[in-house]
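Okay, here's what each chain looks like letter by letter:
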Amino acid sequence: MLIKKQKAPHDIQIGTRFKTKKHGYITVIEYYNTHTVIVAFENTGNIRSITAGKLRRGQVSDRSVPLQSYMVGEKVKSVKYGILTIMQVESENIVVLENELGEEIRMLLPAVKKLRDRVKEEADISKPEMPTSLSALTKRNKKTKDVNTLLKKMLSNYGK
C-alpha cells in the first residue's frame, strides 16, 4: 500500500530544521501528511517518522540514544563535591560527573537524580507564590485599603 503524498505546509518544507526538547536539531526529509513526516536527527543521523504536531512542539525523541543521555551537560550541586557537571551516563546505573577542578567523580544514577530533584525544588522555592483562585487574586491587604480610602477622601474634598 502506497501512501499518497500531500502538499507540505509552509512551515514543514523539505530541509527545514526544527529544535527538539532533548535531542538537538532534526531536519525534515519527506512530508506525506500530518501523521507521517520523515525526519533525520543531525547529531546521530537516525531517521524516523513522526506527526507534524509533535515536530512543531519539539516532542521528538531519538530512539538510538540512551534515555539518560539528556542529562549530559546539566549542573547539579552536591554538598560533598560542590557544583558538578554531568559528563556521561555509563551502562545503566553509573553517571560520570566532573567538578569545578576537573576531577572525575562517579555516582549511581538514583543519587544523581536525587541531586537534580533537589535543584528543581530549590528553583520552585525561589519563585513567588502566585494566587490560586480568583478571590485570592482580588484580595487587598489593609495597607491598600487605607491608601484607597485616603485617595477617595482627597478626590472628594478636592474642589471644596
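Residues numbered from 1 in each chain as written. Predicted model: local features only at pLDDT ≥ 70, side-chain atom pairs only at ≥ 80, totals over all residues. Heavy atoms only, no water.

It is not clear to me how the pattern of salt bridges should be interpreted in this structure. Could you clarify?
Should their charged atoms come close, side chains of opposite charge can pair. Following the criterion strictly, the structure yields 5 salt bridges and no others. Between Glu30 and Lys5 there is a salt bridge whose closest N-O contact spans 2.7 Å. Of this pair, Glu30 sits in strand 2 (residues 25–33) while Lys5 is found in the segment before strand 1 (17–19), placing the two residues 25 residues apart along the sequence. Here Glu42 makes a salt bridge to Arg17, at a shortest N to O gap of 2.8 Å. Residue Glu42 is found in the loop between strand 3 (36–41) and strand 4 (47–50), and its partner Arg17 is found in strand 1; the two are separated by 25 residues along the sequence. (Salt bridge = Lys/Arg side-chain N within 4 Å of Asp/Glu carboxyl O. Helix = DSSP H or I, 4+ residues; strand = E, 2+ residues; numbered from the N terminus.)

Can you help me understand the pairing of strand 3 in this one?
Taken residue by residue, a regular strand's side chains alternate between the two faces of the sheet. Most of strand 3 is tucked away: 6 of the 6 residues are buried. A two-sided burial pattern is seen for strand 3, the buried positions comprising Thr36, Ile38 and Ala40 on one face and Val37, Val39 and Phe41 on the other. As judged from the 6 bridges shared by strand 2 and strand 3, these two strands associate in the antiparallel manner. Note on strand 3: the bridge partner recorded for Val28 is Val39. As consecutive antiparallel partners, strand 2 and strand 3 are separated by 2 residues. As paired elements, strand 3 and strand 4 share 4 bridges and run antiparallel to each other. Looking across to strand 4, one finds that Ile38 is bridged to Ser49. In textbook terms, the turn of a hairpin is the stretch between consecutive antiparallel strands, and for strand 3 and strand 4 this stretch comprises 5 residues, one of which, Gly45, has a positive phi near 80 degrees. (Buried < 20%, exposed > 50% of the residue type's maximum accessible area, 1.4 Å probe, protein only. Pairing = 2+ DSSP bridges.)

Would you mind going over the sheet that holds strand 4 with me for this structure?
Think of a sheet as strands paired side by side through backbone hydrogen bonds, with each pair either parallel or antiparallel. Within the open sheet, the 4 strands sit side by side as 1-2-3-4. Their pairing is antiparallel. Both outer strands of the open sheet, strand 1 and strand 4, are each paired with one neighbouring strand and no more. With strand direction ignored, the average angle separating the axes of adjacent strands in the sheet is 40 degrees. In the sheet, strand 1 pairs with strand 2 via 3 bridges, with the strands oriented antiparallel. Residue pairing across strands places Arg17 opposite Thr27, the latter belonging to strand 2. (Axes fitted to C-alpha atoms, helices over the stretch in contact; angles between N-to-C directions.)

I'm lost on the sheet that holds strand 8 (residues 104–108) in this one. Help?
As summarised here, the arrangement of the 4 strands in space is 5-6-7-8, forming an open sheet in which the pairing is antiparallel. Looking at the sheet topology across the chains shown, the edges are occupied by strand 5 (75–78) and strand 8. Put simply, the sheet's adjacent strands are angled 45 degrees from each other on average, direction ignored.

Help me out: how do you make sense of a nonpolar patch on the surface in this one?
A contiguous nonpolar patch, built from Val147, Leu150, Leu151 and Met154 and spanning about 380 Å² of accessible area, is present on the exposed surface. Mapped onto the elements of the fold, Val147 is located in helix 4 (residues 142–156). (Patch = residues over 30% accessible without salt bridge, like charges linked within 9 Å, V, L, I, M, F, W, Y side chains within 5 Å. Areas by Shrake-Rupley, 256 points an atom, 1.4 Å probe, with all protein chains shown as cover.)

Interpretation note: all reported values are geometric properties and have no functional meaning in isolation.
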